[in-house]
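The residues making up each chain are set out below.
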Amino acid sequence: MSWQTQQRAFLPLAVLVLLAAAAAAAPNQANAQPASPADPTAADTCTDPAVDGACRNVPKALRLKLIAIPTILVASIIGVCLPLFSRSVPALRPDRNLFVIVKAFASGVILATGYMHVLPDSFSNLTSPCLPRKPWADFSFTTFVAMLAALFTLMVDSLMLTFYNRRKGGGNTSGRRTGAAVADHESPAHDEHHWHSHGHGHGHGGIVVVADKPEDEEEASKVQLRRNRVVVQVLEMGIIVHSVVIGLGMGASQNVCTIRPLVAAMCFHQLFEGMGLGGCILQAEYGAKMKAGLVFFFSTTTPFGIALGLALTKVYRENSPTALIVVGLLNAASAGLLHYMALVELLAADFMGPKLQGRVRLQLLSFLAVLLGAGGMSIMAKWA
């Protein structure tokens, strides 16, 4: 794939970052007044930024945020780059068992990020007492938007893969080859070959998968490579939206009791989430420029969100109705996207693939890695 084509494919990520930043900045209306809740304490929370009391310390919060920007940036770079340099370590190459286990751990991290970090934040925002009861208390907007986001991600995933196949598959010849492979997969005579879309030419216990034609095997590997590239771009979209939103919230906050543990939790979060994304980038086999672009966007979005929050501290109120609605809807969409990518494209693709299906011990170790990754990120939800 040429660099120009890669740039066009990566353009939606850049657009999404700008849209997320603009949407997050939209709530910065100093004169916006929240709805009047029935609870007087809630009214104070919605209108008075100094309600944090002893935890509100502007100079100390500023120092913590200035420390957080480079710290989170370094943790993000280390996390996403570790898998990219794993080719120099034989045990961490994509065809080795250790890589599969590490990727399973990182996939568990991404799954827990959606369920334990992003989705609860959306529930908290969209059910806030600072919002009017109608319609926000009468309908579960969080789960509805998350469901739509997951379905939309499926549609984008399918359409992008179709576009890649038509663009890079050589026109009708590719279509005939791919169609022939699918027809061969569906025929009873091919059952013994146990064709799977996520692997080709690998052993399944005592059965060896052999392609009928060399060109079909080559085409299957090309289709899988295109799918890996689609996975990378869609996954980065969800991560970027969440990173900008959480960075904005941290940058605008003056509550040192919240910021202090959040800095450490975000460093671990970016480290392990970066490992998951880096593993996907490695399998996508992008060129150096595209890898650098993906690493740059992942590493800088959270620091960018913090810097944006710092710039808007005086006019941004996280409990204003507009802020709660915009951030809550963005979090819900991001949660749905992360759920789909973690379960369908990462975990299901690997666990239903030939490598794990043919080796029970490796499959159990990968399950354990998923549980450890998801469990670790779930514990971090106490602070982040």
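What counts as what
Residues numbered from 1 in each chain as written. Predicted model: local features only at pLDDT ≥ 70, side-chain atom pairs only at ≥ 80, totals over all residues. Heavy atoms only, no water. Helix = DSSP H or I, 4+ residues; strand = E, 2+ residues; numbered from the N terminus. Buried < 20%, exposed > 50% of the residue type's maximum accessible area, 1.4 Å probe, protein only. Contact = heavy atoms within 4.5 Å. Areas by Shrake-Rupley, 256 points an atom, 1.4 Å probe, with all protein chains shown as cover. Expected span 1.5 Å × (residues − 1). Bend = angle between axes of the 7 residues up to and from the residue. Salt bridge = Lys/Arg side-chain N within 4 Å of Asp/Glu carboxyl O. Phe/Tyr/Trp six-rings, centres within 6.5 Å; stacked < 30°, edge-to-face > 60°. 1 Å grid on protein atoms, 1.4 Å probe; cavity = no way out; pocket = protein on both sides within 12 Å on 5 of 7 lines; lining within 4 Å. Points joined across faces, edges and corners; volume = space filled by probe spheres on them. Nonpolar A, V, L, I, M, F, W, Y, C, P; charged D, E, K, R; others polar.

Peer 1: Requested: an account of the overall build of the protein, with residues and values cited.
Peer 2: Across its full length, the protein carries 13 helices and two strands. Counting across all 384 residues of the protein, residues that qualify as buried make up 48%. Long-range contacts, defined as pairs at least 24 residues apart, comprise 84% of the intrachain contacts of the protein with a sequence gap of at least 6. Accessible surface, the protein: about 18,100 Å² in total, of which carbon and sulfur atoms supply 66%.

Peer 1: Describe the environment of Gly108, naming the residues involved and giving the relevant values.
Peer 2: Relative to the helices and strands, Gly108 resides in helix H4 (residues 97-126). According to the relative accessible area criterion, Gly108 is buried, its value standing at 0%. Among residues more than four places away in sequence, those in contact with Gly108 are Val370, Gly373 and Ala374.

Peer 1: I'd like a rundown of unusual backbone geometry, residues and numbers included.
Peer 2: Between Lys134 and Pro135 the backbone carries a cis peptide bond, its omega angle lying at 5°. Its location among the elements puts Pro135 in helix H5 (residues 133-136). Of note, Glu285 is a non-glycine position whose phi angle comes to about 55°, a positive value. Mapping Glu285 onto the fold places it in the loop between helix H9 (256-284) and helix H10 (288-311).

Peer 1: Would you mind going over helix H13 (residues 360-380) in detail, with residue names and values included?
Peer 2: Across its 21 residues, H13 extends 30 Å between first and last C-alpha, which sits within 8% of the 30 Å expected from 1.5 Å per residue. In this structure, the buried residues of H13 make contact with H4, H9, helix H11 (321-351) and helix H12 (354-357).

Peer 1: Could you give me a rundown of H4, with the residues and numbers involved?
Peer 2: In this model H4 runs 43 Å from its N-terminal to its C-terminal C-alpha over 30 residues, within 8% of the 44 Å that 1.5 Å per residue would give. For H4, the principal kink sits at Thr113 and spans about 35°.

Peer 1: Tell me about the pattern of salt bridges, and name the residues and values.
Peer 2: Counted under the stated rule, the structure contains three salt bridges. For the salt bridge of Lys103 with Asp350, the shortest nitrogen-to-oxygen distance reads 3.4 Å. Note that Lys103 is positioned in helix H4 and Asp350 in helix H11, a separation of 247 residues in sequence. A relative accessible area of 9% means that Lys103 is categorised as buried. You can call Asp350 partly exposed: its relative accessible area is 24%. Ionic pairing is found between Asp157 and Arg227, a salt bridge with its closest N-O pair at 3.7 Å.

Peer 1: Can you break down the packing of aromatic side chains residue by residue, with the values?
Peer 2: Tallying each qualifying case throughout the model produces six aromatic pairs. Seen in terms of ring centroids, Trp136 and Phe141 are 4.7 Å apart; in terms of plane orientation they differ by 50°. Their pairing is tilted. A network of ring pairs unites the aromatic residues Trp136, Phe139, Phe141 and Phe144 as a single cluster.

Peer 1: Describe empty space enclosed by the protein, listing the residues and the values that go with them.
Peer 2: Counted under the stated rule, the structure contains two cavities of 30 Å³ or more. Along its surface, the largest cavity is lined by Val100, Lys103, Ala104, Ser107, Leu346, Leu347, Asp350, Phe351, Leu356 and Ser366. Elements supplying a minimum of two residues to the lining of the largest cavity: H4 and H11. Of the residues in the lining of the largest cavity, the class split is six nonpolar, two polar and two charged.

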